[in-house]
Structure formats: C-alpha cells, structure tokens
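Listed here are the chains, written in short residue letters.
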Amino acid sequence: VIRYLKDNNDDYPDFNFYSMNGMRLTSPEQAYVEMWFQLTKEKATPEHAMKLLDTRFNTKAPKRISTIFLVDELDMLCNRKQSVLYNMFDWPSKPHGKLIVIAIANTMDLPERVMMNRVSSRLGLTRQTFQPYTHTQLQTIVASRLEGLQVFQQDAIQLVARKVASLSGDARRALDICRRATEMAEVAGQDKIGVQHVTRAHMEMFSSPKILAIRSCTKYEQMLLKVMVAEFHRTGVEETTVGAIFREMQTCLRTEGVETMSMPGTVAMVARLAATRLLLSEHMKHGLETKLRLNVATEEINFALKSQEEGG
C-alpha cells in the first residue's frame, strides 16, 4: 500500500513512512527512543525522547508533512500504566500532530481485553481482521516469489500450499519447504522440482526430535499441549499460566467425556513436559500464576497430532 502511494504521489499528499516492531524493543519505553531516532536520526533517553515527541506533535508547523508510523507486535508495548500506548494513540488526535499510527497485534480483541478505557478511547474506529492464508492465497504468494523461474512444477506449488494451509497458513513456512525442496533437487542433479521433492522436504521439516517427542507423549500430555495451542490462538498471547491451563483442561476433558485430572496431577504433567523442553515453565513456587510458554511451534504440534490421528 505504501509503495503504491509513493508511486502515485501526484494523486496523494506527501508523507514520511516509518515502522517499528515491538518484539525488537527491550522495553515498551524504548518505543519513544525508536520513534524519535527514526524521525530525526538523533538519540535520546526514553524520558527525554517522550518529551521531545510530545513537544513536536503539539507544536504548530505548517510546512511539516504528515507522518505514518506502522507499529507491529503492539501487544509488546503494554506496560502496567499503559502510558506508552496512551501517548502513541493520543498524539495523532492533536490538531498539529500530523501523525497517523497503524498498529498490528496478534490479539484480535486487544482493546477490549488488555487496554484501559483511557487508551482504547484514543483508538480510531477502523479495525481490520486478517485471517490465516488459504491454500489459494499461499499458492499465489509462492508463485509470485517464483515468477520467472520454470523449475517448479505447478502440482508441487499446489501441494506446498495445501499442506501449509491445513496446519498454520504461514507463508514463511511454505517458502521454507520450497527452499528445502530446491536443495534436494539440486543435490540429486535434477533441474525440475516436483511433488516428490516437496513431500520429502515437508516430511523432513516435520520429523524433528520435538515432533517425535510429542507423538510419544501420553494422551493427557498431548491434550494439554492442544489446550495450550487453543489458548494461544484464543488470546493471541503466546504465554499462559498453570491456573488457566488447569481450568481449560478440565473443560476439555469433560467435553471429551474423559476422567478429569487433579491440580497436583496437572502440575506434575506440566513438570514432565517442561523436563522434555516441549514447554518452558517458571519455577513452580509461583503456584497457579506460574507462567508457561510452548518451546515448539504450534504448527508442529498440530502436525504431530494430526498425522498420528490419520495413522491411527
């Protein structure tokens, strides 16, 4: 979109475009430092940068052109008082700000779930929800990357798209499989990449020790991993607690008509999975508030359990 606007600048007002990723910042307050540096190429401490930005967006400057800031991984900028988010969304509302902020987050309902009222009230009303790529869209993306190359058979591209769409819809994973399939064909001295290369590359990428470990887990351990995946998709935050997982496990087990587990049993199961490094856990002294994260990609869990069900 930005490229199109730049290419057709005769039809649109001039603007400067900048972007930053919340995952690459050491703390939410570093957003001020990054914004000020991108705008002016000057370094400043977080507190000073915030004051400089506040002055800039509150000061009349008729010759200043508009600024568009793309903020990815917005969830990472949430601090306790949410002051960073408040300022970031308050500055565009200033009469002399000439600032547009486009924010991207994994959590679809981030304003309702996380933000305080004073922050969410500063947000614009435009919200766009992006669904995972379908196999048709993935096929188009892969084909566009391979444009001008005649080495990939059409059936091979379609197979990559369908396999990835069924697991995660992640375009990067589709391109990784294509890259590995190309390496396999090159080693074999073949100048065409076909279905057999894609199939082998896919199986290789999803036959890691972690996947084998998931398949060897007990039924309850596999269910706990599935519950964690579902929880991450539901909240958009790749972190949860023992208490939250215990509650979700109980609900899931009752739905499946399986005997429920006690809290000590669930904690013991979490400890076993942490020992195998399939998930990462804080020290259990925090009790129900002990934080948990998966140490394996959600799509690998889906693949391991899905292929096991198909095989079984």
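Quick note: structure is the one above.
What counts and how
Residues numbered from 1 in each chain as written. Predicted model: local features only at pLDDT ≥ 70, side-chain atom pairs only at ≥ 80, totals over all residues. Heavy atoms only, no water. Helix = DSSP H or I, 4+ residues; strand = E, 2+ residues; numbered from the N terminus. Buried < 20%, exposed > 50% of the residue type's maximum accessible area, 1.4 Å probe, protein only. Contact = heavy atoms within 4.5 Å. Areas by Shrake-Rupley, 256 points an atom, 1.4 Å probe, with all protein chains shown as cover. Lys, Arg positive; Asp, Glu negative; His and termini not counted. Charge placed at Lys NZ, Arg CZ, Asp CG, Glu CD. Axes fitted to C-alpha atoms, helices over the stretch in contact; angles between N-to-C directions. Parallel < 35°, antiparallel > 145°, perpendicular 65-115°, else oblique. Left-handed = near helix turned anticlockwise from the far one by under 90°. Nonpolar A, V, L, I, M, F, W, Y, C, P; charged D, E, K, R; others polar. Disulfide = S-S within 2.5 Å. Core = buried A, V, L, I, M, F, W, Y, C linked by side-chain atoms within 4.5 Å. Phe/Tyr/Trp six-rings, centres within 6.5 Å; stacked < 30°, edge-to-face > 60°. Lys NZ or Arg CZ within 6 Å of the ring centre and 35° of its normal. Salt bridge = Lys/Arg side-chain N within 4 Å of Asp/Glu carboxyl O.

Student: Would you explain the overall build of the protein in this entry?
Tutor: Within the protein, the regular secondary structure consists of 15 helices and six strands. Taken over the C-alpha atoms alone, the protein extends approximately 70 × 55 × 30 Å along its principal axes. In the protein, which comprises 312 residues, the share counted as buried stands at 38%. Restricting the contact set of the protein to residue pairs at least 6 apart, pairs at least 24 apart contribute 64%. Summed over all atoms, the accessible surface of the protein reaches about 18,400 Å², with 52% contributed by carbon and sulfur. Counting 40 positive and 36 negative side-chain charges, the protein places the centres of these two groups 4 Å from one another.

Student: When you look at the packing of helix H2 (residues 30-40) against helix H3 (residues 46-58) in this model, what are you seeing that I'm missing?
Tutor: Helix packing for two helices is described by the angle between their axes and how far apart those axes are. The interhelical angle for the contact between H2 and H3, taken along N-to-C directions, is 55°, at an axis separation of 8 Å. Judged by the inter-axis angle, H2 sits oblique to H3. Of the two possible hands of crossing, H2 and H3 adopt the one that is left-handed. Of the residues in H3, those touching H2 at Gln-30, Tyr-32, Val-33, Met-35, Trp-36 and Leu-39 are Pro-46, Ala-49, Met-50, Leu-52, Leu-53, Arg-56 and Phe-57. For the contact of H2 with H3, a count of residues per class yields 11 nonpolar, one polar and one charged.

Student: Would you take a moment to explain the state of the cysteines for this structure?
Tutor: Note on terminology: disulfide describes a covalent bond linking the sulfur atoms of two cysteines. By the definition in use, this model includes zero disulfides. Between Cys-217, a cysteine without a disulfide, and Cys-252, which holds the nearest cysteine sulfur, the sulfur-to-sulfur distance is 15 Å. Using a relative accessible area of 13% as the deciding quantity, one classes Cys-217 as buried. On the basis of relative accessible area, Cys-252 is assigned to the partly exposed category, the value being 24%.

Student: Can you help me understand the nonpolar core in this one?
Tutor: Proteins that are soluble and globular tend to have nonpolar side chains buried together. Core analysis: the largest hydrophobic core is formed by 51 residues, its most contacted members being Phe-152, Ile-214, Leu-224, Met-228, Met-249, Leu-279 and Ile-301. The biggest single contributor to this core is helix H9 (residues 171-187), with eight residues. Aside from chain neighbours lying at most four places away, what touches Phe-152 is Leu-146, Ile-157, Cys-178, Thr-182, Ile-193 and Val-198.

Student: I keep staring at the environment of Glu-300 and nothing clicks. Help me out?
Tutor: For Glu-300, the position within the fold is in helix H15 (residues 298-311). Residues Glu-300 and Ser-207, spaced 93 residues apart in sequence, show a C-alpha to C-alpha distance of 9.2 Å.

Student: I keep staring at the packing of aromatic side chains and nothing clicks. Help me out?
Tutor: For any pair of aromatic rings, the description rests on two quantities: the centre-to-centre distance and the angle between the ring planes. Under the defined criterion, the tally for this structure stands at four aromatic pairs. Taken together, a centroid distance of 5.4 Å and an interplanar angle of 40° make the contact between Phe-57 and Trp-91 tilted. Residue Phe-57 is located in helix H3, and its partner Trp-91 is located in the loop between helix H4 (83-90) and strand S3 (99-103); the two are separated by 34 residues in the primary sequence. Within the aromatic cluster, the residues linked to one another by ring pairs are Tyr-32, Phe-57 and Trp-91. Here Lys-6 stacks its cationic end above the ring of Phe-15, 4.8 Å away from the centre of that ring.

Student: Would you mind going over the pattern of salt bridges with me for this structure?
Tutor: Pairing of side chains with opposite charge becomes possible as their charged atoms draw close. Applying the stated rule across the entire model yields eight salt bridges. With a shortest N-O distance of 2.7 Å, Arg-179 and Asp-176 are connected by a salt bridge. Of this pair, Arg-179 and Asp-176 are both found in helix H9, three residues apart, which corresponds to roughly one turn of the helix. Residue classification places Arg-179 among the partly exposed residues on the basis of a relative accessible area of 48%. With a closest N to O distance of 2.5 Å, Glu-204 and Arg-180 form a salt bridge.

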